[in-house]
Each structure stands twice: as C-alpha cells, then as structure tokens.
Amino acid sequence: MSRTALRICPLCEATCGLTLTIGEEGRVTGARGDGDDVFSRGFICPKGASFGQVDADPDRLRQPWVRRGGRLEPASWDEAFAAVEAGLAPLLAEHGPRATAVFLGNPNVHTMAGGLYPPLLLGALRTPNLFTASTLDQMPKHVSSGLLYGDANAVPVPDLDRTDHLLIIGANPLDSGGSLCTAPDFPGRLRALRRRGGRLTVVDPRRTRTAEAADRHLAIRPGTDALLLFALVQVVFAEDLVAPGAVGEHLTGVDEVRRLAADFPPEAVAGACDLPAEEIRTLAHELAAAPRAVVYGRIGSTTVEFGTLTSWLVDVLNALTGNLDRPGGAMFPLSATARAPRPPRPGKGFALGRWRSRVGGHPEAKGELPAAALAEEIETPGEGRVRALIVIAGNPVLSAPDGDRLDRALAGLDFMVSVDPYLNETSRHAHVLLPPPPPGQSPHFDFAFNAFAVRNQVRYSRPALPLEAGRLSEAEILARLVLCVSGRGGADPAAVDAMAIDAALGKAVADPQSPVHGRDRGELAAHLTGVDGAERRLDLMLRLGPYGDGFGADPEGLTLAKVLAHPHGIDLGPLRPRLPGLLKTRSGTVELCPEPLAAETERLRRTLESRADGLLLVGRRHLRSNNSWMHNIPALVGGSNRCTLQVHPKDAARLGVADGALVRVKGDGGELEVEAEVTDAVRTGVVSLPHGWGHDRPGTRMSVAAAHPGVNVNQLIDGSRLDPLSGTAVLNGCPVQLTVVAPSA
Ligand SMILES: Nc1nc2c(c(=O)[nH]1)N[C@H]1C(S)=C(S)[C@@H](COP(=O)(O)OP(=O)(O)OC[C@H]3O[C@@H](n4cnc5c(=O)[nH]c(N)nc54)[C@H](O)[C@@H]3O)O[C@H]1N2
Ligand SMILES: Nc1nc2c(c(=O)[nH]1)N[C@H]1C(S)=C(S)[C@@H](COP(=O)(O)OP(=O)(O)OC[C@H]3O[C@@H](n4cnc5c(=O)[nH]c(N)nc54)[C@H](O)[C@@H]3O)O[C@H]1N2
Ligand code: SF4
Ligand SMILES: [Mo]
C-alpha cells in the first residue's frame, strides 16, 4: 500500500507544502502541491514535482568517504569522524583556529540542521575565516539593513498581496521562485496584483518571464540600477513627493539623502542606464502616487559593482514614498522562531570591518569574508594561511569566481571536510566526505525563509521516510563535527543540543523581559518535547518566540506539539508594522544616510563620466535548475541545452554569430567556449550565461550532469571585483568579448 506524507519543499525559497506519495518499497514516488497548506495552497513547480527523483538519485552518497593514500574510499561513520579529529587536531594545535576556514553553501538555509549547527560549529572553532554563499548573493542587502536599521537580518520584504505597484529590480521570481521574498505561487500573486488593478514594473536587461508578465519592462544597462534608483529618489525630492507617513518620525538623514540625490536627475543618468529620462520620471510619479507601492531588488541588484548602494536605495525609495513598514509596502516579517519583540530602545548599531582578511585586507561583513577571497587565503604562504577547510553544503568551485584557481587551491589544503550528498567539483577534494541523508529522510523547518515570508506562518515537517540503515541525520553529522573540532569526537552528539538548550535557557531566565525570567532552567528543559535534540531546540525557540507559549505563560501560544498538531501549518496573519521596535541603531532611528553609503555615492557619481562600451555579461536562472546541484536529475535536465550564451540578434549580426554557433567568450577572469543562442530576450549590448554548470572535472560522481556538463560562467568573472562594503562578488555586468570559433557547436 502506498501512503502520503507532507513535506515542505526545500528546493527553493518559496517553501511550498508538498504531499508526497510513498510507494510500497519505501520511496517517494510522487509529489503534488498540498492544497491545504496554509501558505502555498497547493502550488508546486517542476522542481518540487521531481522531489522523488531528487530524493532517490542513485549518485547520492550513502556512506562516508575517507582519503587514504590519496584516494577517497568508503568508510564507516566512526572511522570518518576519527579521521576528522585526526586531521584537524594537529593543525589546530600547531597553527590555531586561524589556519581553519569554513564555507557554508546555500542549502544550509534549506535544511533544518543547517540552521541549528553551523553557529555552534563556528562558536567551537573560533576562526575568523568564515565564507558563505551570501557574498555571492545577498550580503549587500544585509549590510544595507545593518546600516539603516542596526540589524543586518532585518530585511524588509515586499508585501506582495496588498501592494498596488510592485517595482522589481533584477529579480525573476517566475523562474527563481522568489528570493528574500518567500512567497509560494509568485505567479499567482502577481496575477492577483494585476487583477486588483495594481501595476507591475520590471527592470531587467533581459525580457524574462517576469518581465513578460509586467505592465512595463525597462531593459536597463547592467550595473546601473543605483543610478536609476537615485534618479527616482531625486524626482521624489525635486517634485515634493516625499511623504514618509508613519515612519517619518523615526527617520533621520532625509536631508542628507536629498543633497546626495541632487546630482542624479533622470537626465543625468539616462545615458548610463540607457533608459529614457521621461520614463524614469513617469515611474517616480507612479510610485509616489500609488496608494501602496513597493520596490524590491534581488540578484541583479546585489551581485553588482554597487550592490550595497543599490540595496540601500531600494529601502530609501520605499521610506521616502511612505511605503516602508506599512501594509502593501516593504514590511518586516516576524517569524515564529524570531526573538520576541521588545520595547524600542537604542541599540549597539552595526559595525563593518571589525577584522580584515589576511591576504586581500577585505573587511568582514556580518562576520564573513568574501567567498571570492577563499582561494588566496589558502594559496598565500605565511602566518595564518588557511590549511584546513570545512565545507557544508557548498560547491564554490562552480559558484564562486575563478573556480579553476579555487580548484587548485583546494587540492593544496592539508585537510578538508565536506558535508555533501554528492561527490562533486568541490567535495572531490575532501579528505573526509560526510553525506547527509536525502530530504525525504530529513525533518524540515524554515528558520531562514520564514524570516522573509510575505505572510507570517509556521509549518514543520517530520521526515517523510525513516532513516535508511547506516545513515546519520544531518543534525547528528553536524553535531559530531562540532564535537570533533572541540577535540571531543567520542562524546555523545546529544550533548551538543543539551548544551545549546542550557545556554539559551540560561539567557532567557536571566532576562527580565522574558516570560521565563527567574525560572529554573533545568525545570524548563524538562518541559521540552521532541524526538531528538533538534526538535527540542525547535520547541524551545517556538515557545520563547513571539507567538510562543512562554512555557505556560500563554497557554494558547505555540509549542512544537501545537505545530505538529497542524500538519498543514498555522497561519499567523499578514505582516504587521514593526518600527521602531526592531531598530538597533545607536540613534534608535532609521539612519537613512549612513556615512559609508554617502562615500559610495561619491564613487557612483564618478561612473557618470566614464562608461565603457562593449558587451556586458549577466546571469540567468531556469525554473528546472538550482545553482550547481540539480543537473543530475533526469526529469530536470531533459530537452534542449540550457547552458547557452544568449546574444541579441543585432549584436549577433554585428559579430557574425549565428544561432547555435560555437563562440569563444573572454572576460577579465578567463575564457571559455560555448554555444550561442541568438534571441531578443536579452537587450543589445548584453549577453547572458547561467551559472552552476561546468560538470566536466574528473573525480566526480554525478553521471547525468557529466553527460551534459555545460560551461562554468564563473571562469569568465574576475574574482577581485567586489562590492566593496559587502565583499560580494560582481557576478553581473562584467565586460566580455566574443569571437566565433565555429558556425555550429
Ligand atoms: N555567476 C554566478 N554565480 C553565482 C550566482 C549567479 O547568479 N551567477 N548565484 C550565486 C548564489 S545566489 C548562490 S546562493 C551561490 C550558491 O553557491 P553554493 O552554495 O556553493 O552552490 P550550490 O550549487 O547551491 O551548492 C550546494 C551544495 O550543497 C549540496 N547539497 C544539496 N543538498 C544538501 C543537503 O541537504 N545537505 C548538505 N549538506 N548539502 C547539500 C550540493 O550537493 C552542493 O554541493 O551561487 C552563486 N554563484
Ligand atoms: N530555478 C531556480 N530557482 C532558484 C535558483 C536557481 O538557480 N534556479 N537559485 C536560488 C537562489 S540561490 C537565489 S539567490 C534566487 C535568486 O532569485 P532571483 O534574484 O529572482 O534570480 P534570477 O533569476 O537570477 O534573477 C536575477 C535577474 O537579474 C537580472 N540582472 C542581471 N544583471 C542585472 C542588472 O545589472 N540590473 C538589473 N536590474 N537586473 C539584472 C538577470 O537578467 C535576472 O533576470 O533564486 C533561487 N531560486
Ligand atoms: S516553487 Fe520552490 S518550493 Fe515550490 S515546489 Fe518549486 S522548488 Fe519547491
Ligand atoms: Mo542564492
């Protein structure tokens, strides 16, 4: 008999509720949208529908691998953890924590274990060398939020379901599922916007599926969005359209922003952006006039030369038009595991550059160093060289600029651990490879994405399938890693959770604002339910969170048991205004014109004078892909080659490139050969190549991916070009040159 099980989809940020079919043989044989899910209401996309194939991919590793005499060989878990301790201990003893680094990849925000254990690992390891996918992604938004609100994690999201005008800058949610805006069924929500008379404007150098669904598409020249946004801000000031509304009393720095914007009227930026000044002006009028409007920027606004400046201007524009922190505007979600809100008071503010990277001198941001600087930290000899690396759920050889260099650097490490289900371009360098179970055998809670969700809600999935014999949960793998780096490899991994619980309760009982102030932490710990440490920690967070039962203080409040009793989730209502309570700036205000951004504005102004012509490279995403790791799923890679270089027909004619030609692309970081796809979906002067491809390295085990490897776009990208405030790699708007190699690929 087959049965069904509910499972939140971990394959993109939309967090759709799925109903999995479990066949008699104990495998996921089907997946459909859960019509009763309180948030996703039955929505599903082709990736979610392929959950069964993703889960049962025969290339997923089932046991640990340990390098012996240069070769990776299967090993038992005990042997693997012993090898981790034996590999790390002497390096730590001789060189200290600075000789170690951690790379955390994207799926850490898509697994429950990835939310719970990496902070403990970093706490135990105490290395200044933390690298994550964030500096290939959204770090500019964190820095902007840190400077504006004093809290790098306070990222406002577009209140999609209530807005009247949505301006999307550099995002393509119809293919990506949405990002820093968790909204299952983005397409339906955009249709609803237009059905209620709202408008959608998309700014993107490509005519994406999202742009096609819009009222207006502005095909901007890549990398110039900060100029466009400044022009919108300038019009709002110049035409007296500033109307911040209720947040007005919490804003400081408005006049400074006015002064900065004065240099960027639409006429001054139109040439650089390659957009008509009139159109920019009209857009500003519309945004200001809409009862509720919101500007939302993603990858195309962050992984660019002025990423932090652009991210900041998005919020500035929302604030000036009265759309920050109000329904239909940009709002701050309040997730069930967030810290419960406190009465407003000035905070400690946000500091950048508390330490710097050893080789490049890059300032840390939010405790991280630029992912693009990992290779040089491993390669460059001297005191503090990175000799050991722990990679959890990351594939930086493909995801970061100049993977060939990182590939060589990884091969030179004294010791490397990968926690990854695949033997891939990065993990093939590991000395110990620890594979977590597939998602069907793992529990799921969205610690990360509930904090970016367009509706407050809470959902938890227990594993749909029991752990296969011989497997460890990812929670146990990571807990044991924590023990290994503390030199206690033999200890019971449950001790790690027990310590985390004890520490969290210790803080809570000492906090006069907490509902458990003054109570006994041992007594509280005894109330926690859950089948393992990870669940007990979830119970703790729920109970002390903003909707929690406070360990009995509010009997109606959330507990793990209550969430489990609602398998389709509990709706916690629409987003509500949260200012000024969430501010942690020193002034206790929204500091609209932070000094580092004023300085960046000066740098931006200088770009108005110089403009290089020539082709600019941008990325793109495909609905059936996800970064580098879903190219091994037959259901998701069938059909025509997707790793093509898109070229506009006019550029193609000028360069003699025919559709299907093999072209050589040369960028500041390197060159490669790829098939050209001539299409007017990209604007003139722009070419587009997706990332996450290039599965042609030896020593991997991803047989489907290797059969159609594609090329690694990041080989073209110069890893030394960073958004300076956030250390984020410039992955979009990179100059390239094209030559034809052969009339057909
Ligand atoms: N040129 C260019 N480059 C880009 C981007 C771009 O737009 N253009 N996008 C950037 C962005 S936004 C991001 S987030 C990064 C992503 O960068 P990475 O996180 O380095 O890359 P992924 O391809 O997501 O790799 C995820 C790894 O996690 C593994 N994995 C999958 N599921 C699990 C699991 O459950 N547990 C564990 N432990 N591991 C798992 C996969 O096998 C894979 O090795 O790439 C960036 N790179
Ligand atoms: N199907 C699928 N879904 C995914 C992923 C995936 O790889 N595949 N990856 C996941 C991850 S890790 C992330 S971070 C999110 C990202 O989610 P999104 O940000 O929505 O991702 P993209 O589809 O890359 O959209 C970025 C858009 O920016 C445009 N762009 C490039 N340069 C510029 C520029 O200078 N200015 C402007 N205005 N636009 C520009 C590109 O043409 C592209 O259409 O998607 C997530 N979801
Ligand atoms: S949209 Fe995202 S979360 Fe929803 S089914 Fe598709 S991959 Fe899964
Ligand atoms: Mo990402």
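Residues numbered from 1 in each chain as written. Chains lettered and ligands numbered in written order. Predicted model: local features only at pLDDT ≥ 70, side-chain atom pairs only at ≥ 80, totals over all residues. Heavy atoms only, no water.

**Considering the overall build of the protein chain**
Helix and strand content of the protein chain: 27 helices and 28 strands. Overall, the protein chain is about 65 × 65 × 60 Å in size when its C-alpha atoms are taken along their principal axes. Across the 745 residues in the protein chain, those meeting the buried criterion constitute 60%. Put simply, 73% of the contacts in the protein chain that link residues at least 6 apart link residues at least 24 apart. Taking the average location of the 78 positive side-chain charges in the protein chain and that of its 85 negative ones, the two points are 1 Å from each other. (Helix = DSSP H or I, 4+ residues; strand = E, 2+ residues; numbered from the N terminus. Buried < 20%, exposed > 50% of the residue type's maximum accessible area, 1.4 Å probe, protein only. Contact = heavy atoms within 4.5 Å. Lys, Arg positive; Asp, Glu negative; His and termini not counted. Charge placed at Lys NZ, Arg CZ, Asp CG, Glu CD.)

**With respect to the pattern of salt bridges**
Within this structure, the stated rule accounts for 48 salt bridges. Where Asp539 meets Arg543, a salt bridge forms, and the shortest distance between an N and an O atom there is 3.4 Å. Of this pair, Asp539 and Arg543 both sit in helix α22 (residues 533-544), separated by four residues, roughly a single helical turn. Sharing partners across several salt bridges, the network here consists of Arg199, Arg216, Glu279 and Glu286. (Salt bridge = Lys/Arg side-chain N within 4 Å of Asp/Glu carboxyl O.)

**Details of the site of ligand 2**
Lining the immediate surroundings of ligand 2 are 33 residues, of which Asp204, Gly223, Asp225, His622 and Ser625 lie closest. Here a nitrogen atom of ligand 2 sits 2.6 Å away from a polar atom, N or O, in the main chain of His622. Between ligand 2 and Asn626, the relevant distance is 3.3 Å, taken from a nitrogen atom to a side-chain nitrogen or oxygen of the residue. Computed on the free molecule, ligand 2 has an accessible area of 920 Å², of which 98% lies beneath the protein chains in the complex. Counting residues per element, the ones that place at least two in the shell around ligand 2 are α7 (173-176) and α14 (299-302). Each residue belonging to the shell around ligand 2 can be placed in one class, and the counts come to eleven nonpolar, 14 polar and eight charged. Summarising the domain contributions, the shell around ligand 2 has at least three residues from each of domain 3 (139-335 + 591-604) and domain 5 (612-742). (Near = heavy atom within 4 Å. Polar contact = N/O pair within 3.5 Å; in protein donor to acceptor, adjacent residues only side chain to side chain. Areas by Shrake-Rupley, 256 points an atom, 1.4 Å probe, with all protein chains shown as cover. Nonpolar A, V, L, I, M, F, W, Y, C, P; charged D, E, K, R; others polar. Domains from an automatic or database assignment.)

**Some details on helix α19 (residues 474-485)**
Helix length check: α19 (twelve residues) gives 17 Å between terminal C-alpha atoms against 16 Å at 1.5 Å per residue, within 8%. For α19, a buried count of eleven out of twelve residues is recorded, marking the element as mostly surrounded by other parts of the structure. Among the residues of α19, Glu474, Ala475, Ile477, Leu478, Ala479, Arg480, Leu481, Val482, Leu483, Cys484 and Val485 are the ones counted as buried. Two residues or fewer after α19 comes Gly487, characterised by a positive phi angle close to 75 degrees. (Expected span 1.5 Å × (residues − 1).)

**Considerations on the sheet that holds strand β3 (residues 28-33)**
Reading across the sheet, the three strands line up as β1-β2-β3 and stay open at both edges, with antiparallel pairing between neighbours. In this open sheet, the two strands that pair with only one neighbour each are β1 (3-8) and β3. The sheet shows a mean angle of 30 degrees between the axes of neighbouring strands, direction not considered. (Pairing = 2+ DSSP bridges. Axes fitted to C-alpha atoms, helices over the stretch in contact; angles between N-to-C directions.)

**Describing the environment of Ser335**
As for its placement among the helices and strands, Ser335 is situated in the loop between β14 (330-331) and α16 (374-379). With relative accessibility at 5%, the residue Ser335 sits in the buried group. For Ser335 and Ala400, which are 65 residues apart along the polypeptide, the C-alpha to C-alpha distance reads 31 Å. When near neighbours in sequence (up to four residues on either side) are disregarded, Ser335 contacts Asn450, Ala451, Asn456, Pro546 and Tyr547.

**Observations regarding the UniProt feature "domain: 4Fe-4S Mo/W bis-MGD-type" (unreviewed entry) in the protein chain**
Under the feature "domain: 4Fe-4S Mo/W bis-MGD-type" (unreviewed entry), the UniProt entry names residues 2-59. Helix makes up 17% of residues 2-59 and strand makes up 31%, while its end C-alpha atoms are separated by 25 Å. (UniProt positions renumbered as here; feature names shortened; annotations may be inferred.)

**Focus: the domain arrangement of the protein chain**
By the assigned domains, the protein chain splits into domain 1 (1-56), domain 2 (59-127 + 387-446 + 460-491), domain 3 (139-335 + 591-604), domain 4 (494-567) and domain 5 (612-742). Each of domain 4 and domain 5 has a C-alpha centre, and the two are 48 Å apart.

**Here's the deal with the packing of helix α3 (residues 77-95) against α19**
In contact at an axis separation of 9 Å, α3 and α19 are set at 35 degrees when each is read in the N-to-C sense. In the packing of α3 onto α19, the handedness of the crossing is right-handed. Residues Trp77, Asp78, Phe81, Val84, Glu85, Leu88 and Leu92 of α3 pack against Ile477, Arg480, Leu481, Cys484 and Val485 of α19. Classifying every residue of the contact of α3 with α19 by side-chain character gives nine nonpolar, no polar and three charged. (Left-handed = near helix turned anticlockwise from the far one by under 90°.)

**Things to note about the side chain of Arg537**
Here Arg537 lies in helix α22. Classification of Arg537 by relative accessible area gives buried; the value is 9%. Excluding anything up to four places from it in sequence, Arg537 contacts Leu116, Tyr117, Leu120, Asp497, Ala500 and Ile501.

**A closer look at the nonpolar core**
Among the nonpolar cores identified, the biggest contains 90 residues, and Tyr149, Leu166, Leu232, Val233, Trp312 and Leu592 are the most heavily contacted of them. Here this core takes eleven residues from helix α10 (residues 225-238), the largest share from any one element. Residue contacts for Leu232: discarding those within four places in its chain leaves Leu167, Ile280, Leu283, Ala284, Leu287 and Leu317. Judged by nonpolar contacts, the second largest core, of 53 residues, contains Val386, Val391, Ala409 and Leu413. (Core = buried A, V, L, I, M, F, W, Y, C linked by side-chain atoms within 4.5 Å.)

**Some points on the sheet that holds strand β10 (residues 199-203)**
Pairing in this open sheet of four strands is parallel, and the strands run β11-β10-β9-β13 from one edge to the other. Two strands close off the open sheet at either side, each with one partner strand: β11 (216-218) and β13 (293-297). Averaged over all adjacent pairs, the angle separating strand axes in this sheet is 15 degrees, with direction ignored. With five bridges joining them, strand β9 (residues 165-169) and β13 adopt parallel strand pairing. Paired with Ile169 across the strands is Gly297, a residue of β13. Contacting β9, β10 and β13, α10 crosses the sheet at an angle of about 150 degrees to β9.

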